[in-house]
Each structure stands twice: as C-alpha cells, then as structure tokens.
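Below, each chain spelled out in residue letters.
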Amino acid sequence: MSYNVREHSYVVGGLGVTGQACVRFLLQKQAKVKAFDTRANFTLVTDPDSDIDTDMQAFMAEKVTCTALSEDYFDGVDTLVLSPGLALNIEQVALAQKCGVEVIGDVELFARLNASTSDATPAKRVVGITGSNGKTTVTLLVNHLLKSCGVKSIEAGNVGRPVLEALQSDADVVVMELSSFQLETTSSLVLEAATVLNISDDHLDRHGTLEAYIDAKHRIFDNAKSAIVWRDGEFVAPDEQIIADAKGNAASNAVSDGVSSVASNEDALSPKNIVEYGLGESTTGFAIASFAGDGGTLCDEQILYITFNGEKLIALSDIHLAGMHNVLNIMAALGICLQLGVSPALAVKHLRSFKSAPHRCVEIARVNDIRYIDDSKATNIGATVAALEGLAPTIQGKLILIAGGDAKGADIASLLPYLTKYVSHVFALGKDAHLFEKSFAHTTRVATMKDAVKAATRLAAPGDVVLLSPACASLDMFKNYMHRGDVFKQDVHDLLNLHSKNDDAVEATS
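Residues numbered from 1 in each chain as written. Predicted model: local features only at pLDDT ≥ 70, side-chain atom pairs only at ≥ 80, totals over all residues. Heavy atoms only, no water.

Trainee: I keep staring at the overall build of the chain and nothing clicks. Help me out?
Mentor: Assigned secondary structure in the chain consists of 17 helices and 23 strands. Surface exposure of the chain reaches about 22600 Å², of which carbon and sulfur atoms provide 49%. (Helix = DSSP H or I, 4+ residues; strand = E, 2+ residues; numbered from the N terminus. Areas by Shrake-Rupley, 256 points an atom, 1.4 Å probe, with all protein chains shown as cover.)

This is the structure in structure tokens:
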C-alpha cells in the first residue's frame, strides 16, 4: 500500500536534530505539519545550503507550541512523529493517543515511504544495527566496507544523520544505527539484515526494566530477512528456540556460505537466515582459530585468525582496532556485508583503511610512556566492561580509570569484579560518583575532570594507562559524551604543556 504524506496531518513532537529534520522533510513534501517541544528554549539547526530554511524560520515562529496542549490541539491530526528523545509515557503522547492519533517515529515514517517507492525509484535496501555498545562503530564500519567494495551506501539513524535525509540520498543501501528509543516507535521497517550486538543494563531510567529494554531492542528483528547473532551473547538472538533448531537441524538444512536456512514458525525469523559469530572455534560462520606460521610446521608459532566457515580471513595481529570487543564488531560487520552480497574475503581487505569514531577507546596522548585513552562514549556499564577487557591484555603496567556521571539507574556494583581484576584505582566524578566509592575500595571522588586528570597522572608510572571510560551518561556535568571527551582531552593536553617545559619526552596523539 502506498503512503503519501500529503494525505496525512502531522504533529512533530520534540524539536532536536531529529525533530527538525522531520519538519524540514514534511515541509518539502508540502504536508500539513505543526510541532511542540517540552522545552521553552531550543536552537534552530540551520543548513546554509538548504532553500527551505526561510520556511523553517517561519514555521518555528508560527507553528511551534512550548506550552501545555489541549485536546483540540490534535483536531484534524492523524499522526504524531515523536522524537526519540521523548518518552512514550509523557502527557502529550497520552493526550494524542486519547484523541486517536497514531504515534510513530522518524524511522517508521522512513519505512513507510521506502515501501511506497516505484519501479522508477526502487526501495533502498536497509540493514539495522542495535545493541548496548559498539553499534556506532559497527554502523560506520559496515558503511566503510560497503563503499570500499563498490556499494553505494550511506549511514543514518542514531549515528547522527537523520534517516529521512538518507531516504532522499542517491544511496542504494542505508546502514542504520537504531537505538531502543527509535525502535519503540518502529513497526514496519524491512531489513536485509539485523543485529543486536549485545545487551547490558542501560536506559533503565527510561524503560523501567531490563526486560522492557530487551523487548525494545528485539523489535529490530520483526521484519528482518536475516539476523547476525553473537553465538555467546545473552539476549541477542531473535528467538532462542529458532537458533537451537538451526543448530540441531544443521545436518538436514542446506548450509551455504555459513548461513543456516531455518524453516519453521512463521512468526519468528523464518525462513530467514542466521549468521553466527564469536570468539571461540567454529567451522561455520565467523570464529577464531589458530594456524601455524608461514613455515607451515607444527613447531611454528601459532597465529590467531578470524575465520569464516573454517577458512582464515585476517590475523588478529593485523587488526588495528584495539580490544577483543572490536574483533566481535568486525565479525558482525562482515556478516552484515555478506547479506548484501559482499564476500567477507573481499570486505576484510578494506579493514585497514577504516578510522574509528572519536571517543571510543582512542589514545589521545602519551607522557613518558603513560597512555591517556578517551572512551567517553562508554555511557553504560557494558561499554566500560568491554573497554577494560579489551585493553587489559595490551597494558604492561596499571590501569587507572576515570569514571562517573549519571548511572541512569544501573547497578554500579556489578562493575566490581572487573574493577577488582583490571583496575588499580578509580577517580570518580559526577552525580553518581558515590556509587563507585561504595562499590570499589580503591576509589577517590573528585569534583572536576581536571582534578581527575591531575590525580591520575600523579599516580601513574611508565607503562600505565589512564582511561576515561565513565560507565555513565554525561549530561549531569557536560553537554554530551563528546563534550566530556573533549574536556578530558583538553585537560590532558594542558597537563602535557606543563610537562613539556621540563621534559622533552612528550608525545601527543589525536
């Protein structure tokens, strides 16, 4: 069924980057639209190359409401496009639903419009990536590999580019990063491949329970043609029984290119494809295996490789992305590329040219062989655990952690085994710094990032790592996690300048 925006009347809820992109799109399509925001003040995101900014300025002045809404506000309105930053339980949403208004998000609007394309403008192929951690890295990596292999692709969604902009691009494939907030309001998005990379306690202040959070994440599988599944992960498979059936029927099901075709239960991911990956050994899908060195004898040193269907793809020593969590990210990305017709053997050749996104385990400076690493994107416990486990094997000395912020209701005590195993000292700041003090004896509470950097540097010795991996959100002290990482980098570089006056052995990297 075709979907024409001119046949509908819209309210856009929330005027952040996503909301403003929705308004721009609907104005361009000459749809009936107005908007509300829960804030009294917000900033118009201007686009100097856009012809619609004059209309957007007029819209913001005339058709935006920042006060309480009444029922008559929704008269004649059939669709509320809700920004992901606004929860479904706010009073404006309840009022809209009471008035019979459908509540969707911009991803759902994309899905309906993409399904309404014609032969002249075929639908874009879409892949979806979600998870508690790593989804931006995997999204950017998939897009990089596809483009490097000649596929016209574009990244969109939670990665930063509004999905409606991607809809209007000339790309054939859209690589979509999807948050649980976006998935809550999405119901008809058709995906060539979908993956839940991992699940850990996150956004419980929004979802209430881990079960509700998992349910939101698993909506990504509802209309997916295939699933890329971490075989050792918890809560990451679309249907645990279907995965078990796929393994149990491996002998009778046709298996090709490491993809098991499962044909049972119409409501599950079937007869769709499941590609598995993991850090153990396996003769199907993606795995890790050791092979003798170039000499080819049993006496040669054994080298670990990522394998696909038992065949080696790339040596772990040749991967420039730090940590075993990034090995998993690479496997997931290769699995998604496979579902778009790009072989892992071809895709992996372009891995070296990929540059990871900022604030994700990036070394920003060295002083006297003390490394400073910015992992400000670690806004939840799972991300910090991944950083600790990924970096620990590469560290000769101590690991000193800077953490804290808004824990979003997560149980910081669950970090204790990892802090005990990997971390010599924690410098905690922000709203929930006291939770780190309570959980880990070797914790010092500090007031500012500058205080944390100075204290960590005083404690550090050559071979040590000072890691910013907060395990918390940033908004209690900073504009966002990027701002937090930038402040960390600035404070570190300020300290480097002090050291450089008396020490020639200073190296800064960015």
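This is not the end of the story, as more comes after the structure.
Trainee: For this particular structure, what's the right way to read the packing of helix H5 (residues 135–148) against helix H11 (residues 324–339)?
Mentor: Each pair of packed helices gets described by two things: the angle between the helix axes and the distance between those axes. Two elements in contact, H5 and H11, have axes separated by 9 Å at closest approach and are oriented at 45 degrees. When the interaxial angle is binned, H5 and H11 end up oblique. Crossing geometry of H5 relative to H11 is assigned as right-handed. Listed contacts from H11 to Thr137, Val138, Leu141, Val142, Leu145 and Leu146 of H5 are Asn326, Asn329, Ile330, Ala333, Leu334, Ile336 and Cys337. When the residues that make up the contact of H5 with H11 are grouped by side-chain class, the tally is 10 nonpolar, three polar and no charged. (Axes fitted to C-alpha atoms, helices over the stretch in contact; angles between N-to-C directions. Parallel < 35°, antiparallel > 145°, perpendicular 65-115°, else oblique. Left-handed = near helix turned anticlockwise from the far one by under 90°. Contact = heavy atoms within 4.5 Å. Nonpolar A, V, L, I, M, F, W, Y, C, P; charged D, E, K, R; others polar.)

Trainee: What exactly am I supposed to notice about empty space enclosed by the protein here?
Mentor: To find leftover empty space, one rolls a probe the size of a water molecule over the atoms. Counted according to the given criterion, the structure contains one cavity of 30 Å³ or more. Along the walls of the largest cavity sit Leu178, Leu183, Thr186, Ser187, Ser188, Leu189, Leu191, Arg219, Ile220, Asp222 and Asn223, which together make up its complete lining. Of the residues in the lining of the largest cavity, the class split is five nonpolar, four polar and two charged. (1 Å grid on protein atoms, 1.4 Å probe; cavity = no way out; pocket = protein on both sides within 12 Å on 5 of 7 lines; lining within 4 Å. Points joined across faces, edges and corners; volume = space filled by probe spheres on them.)

Trainee: Looking at this model, I keep getting lost on the environment of valine 101. Mind explaining?
Mentor: With respect to the helices and strands, the residue valine 101 is situated in the loop between helix H3 (91–98) and strand E5 (102–104). Assessed through its relative accessible area of 5%, valine 101 is described here as buried. Separated by 26 residues in sequence, valine 101 and aspartate 75 have C-alpha atoms that sit 9.4 Å apart. Once you skip the residues sitting within four places of it in the chain, valine 101 turns out to touch Phe74, Val77, Asp78, Thr79, Leu80 and Ala96. (Buried < 20%, exposed > 50% of the residue type's maximum accessible area, 1.4 Å probe, protein only.)

Trainee: How should I be thinking about the sheet that holds strand E1 (residues 9–13) in this particular structure?
Mentor: Here five strands make up an open sheet; going across it, the order is E3-E2-E1-E4-E5 and the pairing parallel. A single partner strand is all that each edge strand has here, and the edge strands are strand E3 (64–65) and E5. Where E1 and strand E2 (residues 32–36) come together, five bridges link them in parallel fashion. The partner of glycine 13 across the bridge, within E2, is phenylalanine 36. Helix H1 (residues 17–28) rests against E1, E2 and strand E4 (79–82) of the sheet, and its axis sits at about 160 degrees to E1. In the packing of helix H4 (residues 106–114) onto the sheet, the strands contacted are E1, E4 and E5, and the crossing angle to E5 comes to about 95 degrees. (Pairing = 2+ DSSP bridges.)

Trainee: I'm lost on the pairing of strand E20 (residues 425–428) in this one. Help?
Mentor: Put simply, side chains in a regular strand alternate between the two faces of the sheet. Burial along E20 is two-sided: the face carrying His425 and Phe427 and the face carrying Val426 and Ala428 are both buried. Read as a crossover between parallel neighbours, the route from strand E19 (residues 399–403) over helix H14 (residues 416–422) to E20 is right-handed. Each parallel crossover has a hand, and the one from E20 via helix H15 (residues 433–439) to strand E21 (residues 443–445) is right-handed. (Right-handed = clockwise from strand over helix to strand, strands pointing away.)

Trainee: How should I be thinking about the nonpolar core in this particular structure?
Mentor: Soluble, globular proteins show a tendency: their nonpolar side chains are buried together. Core analysis: the largest hydrophobic core is formed by 51 residues, its most contacted members being Val5, Tyr10, Val12, Leu26, Leu109, Phe110 and Met176. Ranked by residue count, the leading element in this core is H4, at five residues. (Core = buried A, V, L, I, M, F, W, Y, C linked by side-chain atoms within 4.5 Å.)

Trainee: Got a minute to help me understand the packing of H1 against helix H2 (residues 53–62) in this structure?
Mentor: Interaxial distance between H1 and H2 falls to 10 Å at its minimum, and their mutual angle equals 115 degrees. When the axis of H1 is compared with that of H2, the two are roughly perpendicular. Like other packed secondary-structure pairs, H1 and H2 cross with a definite hand, here right-handed. Residues Gln20, Val23, Arg24 and Leu27 of H1 form the contact with H2, whose own contacting residues are Asp53, Asp55, Met56, Phe59 and Met60.

Trainee: Explanation requested: the pairing of strand E9 (residues 193–196) in the structure shown.
Mentor: Burial along E9 is two-sided: the residues Ala193 and Thr195 and Ala194 and Val196 are all buried. As paired strands, strand E6 (residues 125–130) and E9 are joined by four bridges and run parallel to one another. Bridged to valine 127 within E9 is alanine 193.

Trainee: Whenever I open this one, the packing of aromatic side chains confuses me. Can you help?
Mentor: The geometry of an aromatic ring pair is captured by the separation of the ring centres together with the interplanar angle, meaning the angle of the planes. Scanning the entire structure with this criterion turns up three aromatic pairs. Between tyrosine 73 and phenylalanine 74 the ring centres are 5.2 Å apart and the planes differ by 90 degrees, which places this aromatic pair in the edge-to-face class. In this pair, the class of tyrosine 73 matches that of phenylalanine 74, namely buried. With centroids separated by 5.5 Å and ring planes inclined at 85 degrees, the aromatic side chains of phenylalanine 291 and tyrosine 305 adopt a geometry described as edge-to-face. (Phe/Tyr/Trp six-rings, centres within 6.5 Å; stacked < 30°, edge-to-face > 60°.)

Trainee: Just to check I follow, could you spell out the side chain of histidine 144 for this structure?
Mentor: On the secondary structure map, histidine 144 appears in helix H5. Polar contacts involving the side chain of histidine 144 include one to the main-chain amide nitrogen of phenylalanine 354, which spans 3.5 Å. When near neighbours in sequence (up to four residues on either side) are disregarded, histidine 144 contacts His350, Ser353 and Phe354. (Polar contact = N/O pair within 3.5 Å; in protein donor to acceptor, adjacent residues only side chain to side chain.)

Trainee: So what exactly am I meant to see when it comes to H5 here?
Mentor: Given 3.6 residues per turn, any residue in an α-helix points the same way as the ones three and four places further on. In this model, H5 (14 residues) spans 20 Å end to end at C-alpha, consistent with the 20 Å of a helix rising 1.5 Å per residue. Of all 14 residues in H5, 11 are buried; the element is thus mostly enclosed. Residues Lys135, Thr136, Thr137, Val138, Thr139, Leu141, Val142, Asn143, His144, Leu145 and Leu146 constitute the buried set of H5. On its buried face, H5 is in contact with E6, strand E7 (153–157), strand E8 (173–177), helix H9 (210–218), H11 and helix H12 (344–347). Trailing H5 by a residue or two, glycine 150 shows a phi angle of about 90 degrees, which is positive. (Expected span 1.5 Å × (residues − 1).)

Trainee: Is there a simple way to think about unusual backbone geometry in this case?
Mentor: A negative phi holds for most residues other than glycine; trans holds for most peptide bonds. Phi is positive for glutamine 30, which is not a glycine, with a value near 60 degrees. Looking at where glutamine 30 falls in the secondary structure, it is placed in the loop between H1 and E2.

Trainee: What should I look at first to understand the pattern of salt bridges in this one?
Mentor: Two side chains that carry opposite charge are able to pair once their charged atoms sit near each other. Here the structure, examined in full by the defined rule, presents 16 salt bridges. Measuring nitrogen to oxygen at the nearest pair gives 2.7 Å for the salt bridge that ties arginine 445 to glutamate 437. Classification of arginine 445 by relative accessible area gives partly exposed; the value is 47%. Salt bridges sharing partners connect three or more residues here, namely Glu102, Glu108 and Arg112. (Salt bridge = Lys/Arg side-chain N within 4 Å of Asp/Glu carboxyl O.)

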